[in-house]
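Coordinate analysis (summary)
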Amino acid sequence: LSAEGARDADADTEAPPPKPDSGTSAATDNDTDTEWENGPLTADASSIADTLDASLENVFPDEPGRRDPGPQTSLPSSRQSSDAEPIQLEDIAAKPVTLRDHVTDQIASLGFSIRERALAGEIADTLDERGYVELDLPTMAERLNCAVDELEAVLAKLQTMEPAGLFARDLSECLSLQLARKDRLDPAMAAVVGRLDLLANRDFKALKRLTGQSEDDLFDCLNEIRSLVPHPGRGFDDVQTVNIVHDVTIRTADDGGWHIELNPDALPRVLFDREYHTHISGKAMSRDERDFVQQCYQDATWLERSLDQRANTILKVATEIVKRQDGFFTKGIAHLRPMTMKVIADAIDMHESTVSRVSANKFMLTPMGMFEFRFFFSGGIAAADNDGEQHAAESVRQRIRQLIDAERAERVLSDDAIVDALHGEGIEIARRTVAKYREGMHIPSSVQRRREKRAALKRSA
């Protein structure tokens, strides 16, 4: 070892200093402590620097190549300039509650024993998205080595959950659970719920014979049942609700035409720091570094150009849609014209697949409301006089609904009568097409509508 190394070793092993004399050193330390506690506190930078024998100046000055990465979080940083938009509470969405989470929480609060909770979990595993269970109790009891009565008791307790109707085995039981919770499940109501097929067909004569109730009472039962929820499990969804942001805005222009513009909030934003690119390009770099910077510049330029081209395509498609559907925007859905994507593609000199991609999940805000681009692409139904003019399928569906809404109890329109009415308005349509459109709009048949309207007429008389 060197002499300096020996001295270091001796210093490491030398004895600790002697304890201070209790009469002098201790008193000095106490005075110092008291002086520190009672002394004034200074918080200015110079006083702190003198006390700590250190400088508080910024030892990391800003450099062109040195950047603060910022907080690693998906939320906006709280350390932002005063010009930045503040964080909005509604932008921070809560995690949606799933049906499974809701049921699990309630099982824990129903006072089950350990064995019953295990059985409840087995039953809950059979829940579907509607809130129903498909149970074969004897088979499940054999598999779980328990009694059927024990499973039925657990199921009955599960059916007391909120919302009412959960853990029902079919629609009839679901409605019965909700009516019982409202104290409305009297024998007549139970009989009606037990024969939902007769109720769906509005067969009030058969229901009167079955229940012994008048048509007025049966009509009350119908209204009560209509207020129930057929699928209570649908109130829970794993998918988070997303607000629709329109891509194009349509406004009335001063000259009577239409002003069409893109919504900047819906366009993707690309930030390219050209000043920084110019700064580093002027510095000495190796060949690989220069090629890398040039490649990044080309990629950013290509991305900007592609986004501009996409925005222009969206604007072209929207402009052509408004041009061809002017009657819809001025007079309503009855004047919607049949139109295909190929027509738009030919008009703007693009491929049909390009128009299809641009129209997917795109919305326009118009004076008539918010509409998806694809709403305006509708098949055509020939005119009765075969003059070449066609009617949009959506406008025909709307006209069928208007005819049915205007019908009276003594003159309910059959599908054949609707065909004749549409033919008189110049719309050539088959009876099966009318039936398909009516069923697609969940409108009952003429027989069912007649029964319901006559019952309502007797009730109001």
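It should be emphasised that the depicted structure is a prediction, and the values quoted were computed from it without experimental measurement.

Turning next to the layout of surface pockets. In this structure, the largest pocket spans a volume of roughly 350 Å³. Broken down by secondary-structure element, the contributors of at least two residues to the lining of the largest pocket are α8 (171-181), α10 (196-200) and α12 (215-226). Split by residue class, the lining of the largest pocket holds nine nonpolar, no polar and two charged.

With that settled, consider the packing of aromatic side chains. Evaluated as defined, the whole model comprises 10 aromatic pairs. Taking 5.0 Å as the distance between ring centres and 35° as the angle between the ring planes, the aromatic pair formed by F371 and F375 counts as tilted. Judged by centre distance (5.9 Å) and plane angle (55°), the ring pair of F371 and F376 falls under tilted. Since its relative accessible area comes to 16%, F371 is described here as buried. What makes F376 buried here is its relative accessible area of 0%. By the ring-pair criterion, three or more aromatic residues cluster together here, those being W258, F328, F329, F371, F375 and F376. Residue placement shows R397 over the ring face of Y437; its charged tip is 4.9 Å from the ring centre.

Here we come to the sheet that holds strand β4 (residues 369-372). The sheet built from four strands is open, its strands ordered β2-β1-β3-β4 with mixed pairing. In this open sheet, the two strands that pair with only one neighbour each are β2 (258-262) and β4. Pairs of neighbouring strands in the sheet enclose a mean axial angle of 20°, with direction left out of account. The strands touched by helix α14 (residues 287-324) within the sheet are β1 (248-252), β2 and β3 (363-366), with β2 carrying the most contacts at an inclination of about 155°.

In this fold, M350 is placed in the loop between α16 (341-348) and α17 (352-359). Between the C-alpha atoms of M350 and V317, which are 33 residues apart in sequence, the distance is 9.9 Å. When residues no more than four places from it in sequence are discounted, the contact partners of M350 are T313, K316 and A345.

Right, let's talk about the packing of helix α13 (residues 274-281) against α14 for a bit. Between α13 and α14, the least distance of the axes is 11 Å, while the angle of their chain directions is 160°. By the criterion of interaxial angle, the relationship of α13 to α14 is roughly antiparallel. Every pair of crossing elements has a handedness; the one defined by α13 and α14 is left-handed. Mapping the contact onto sequence places R274, H277, I280 and S281 in α13 and V293, Y297 and E304 in α14. Residues belonging to the contact of α13 with α14 are distributed by class as follows: three nonpolar, two polar and two charged.

Another point: helix α4 (residues 99-107). Considered for burial, the residues of α4 that qualify are L99, H102, V103, Q106 and I107. Taken down its axis, α4 places every buried residue within 130° of arc, on the same side. Elements that come into contact with the buried residues of α4 comprise α5 (114-124) and α7 (148-158).

Calculation notes
- All chains use their own residue numbering, which begins from 1 and follows the written sequence.
- Residue-level local features of this predicted model are given only where pLDDT is at least 70; pairs of side-chain atoms are given and counted only at 80 or more, and the full residue set underlies all totals for whole chains, interfaces and linings.
- The side-chain quantities take in all heavy atoms of the structure and omit both hydrogens and water.
- A 1.4 Å probe that fits into a set of points on a 1 Å grid over the protein atoms alone but cannot get out defines a cavity; an open set with protein on both sides within 12 Å along at least five of seven lines defines a pocket, and lining residues are those with an atom within 4 Å of a point.
- Grid points are joined across faces, edges and corners, and a volume is the space filled by probe spheres set on the points.
- Under the scheme used here, helices are H or I runs from DSSP no shorter than 4 residues and strands are E runs no shorter than 2 residues, and both carry numbers assigned from the N terminus.
- The classification used treats Ala, Val, Leu, Ile, Met, Phe, Trp, Tyr, Cys and Pro as nonpolar, Asp, Glu, Lys and Arg as charged, and all other residues, Gly among them, as polar.
- By convention, a stacked pair of Phe, Tyr or Trp rings (six-membered ring in the case of Trp) has centres within 6.5 Å and planes under 30 degrees apart, an edge-to-face pair has planes over 60 apart, and any other such pair is tilted.
- Classification of residues uses two cut-offs on accessible area relative to the type maximum, computed with a 1.4 Å probe and protein chains only: under 20% is buried, over 50% is exposed, and between them is partly exposed.
- In this scheme, Lys NZ or Arg CZ marks a charge over a ring once it lies within 6 Å of the ring centre and within 35 degrees of the ring normal.
- Paired strands, as defined in this entry, are two strands with at least two bridges between them according to DSSP.
- Axes here mean lines fitted to C-alpha atoms, for a helix over just the part in contact, with angles spanning 0 to 180 degrees between N-to-C directions.
- Here, two residues are considered to be in contact whenever any of their heavy atoms come within 4.5 Å of each other.
- Angle categories: roughly parallel below 35 degrees, roughly antiparallel above 145, roughly perpendicular from 65 to 115, and oblique for all the rest.
- If you view the pair so one helix is near and one far, a crossing is left-handed when the near helix is turned anticlockwise from the far one by less than a right angle, and right-handed when it is turned clockwise.
- The arc under discussion is defined with respect to the helix axis, by the directions toward the C-beta atoms.

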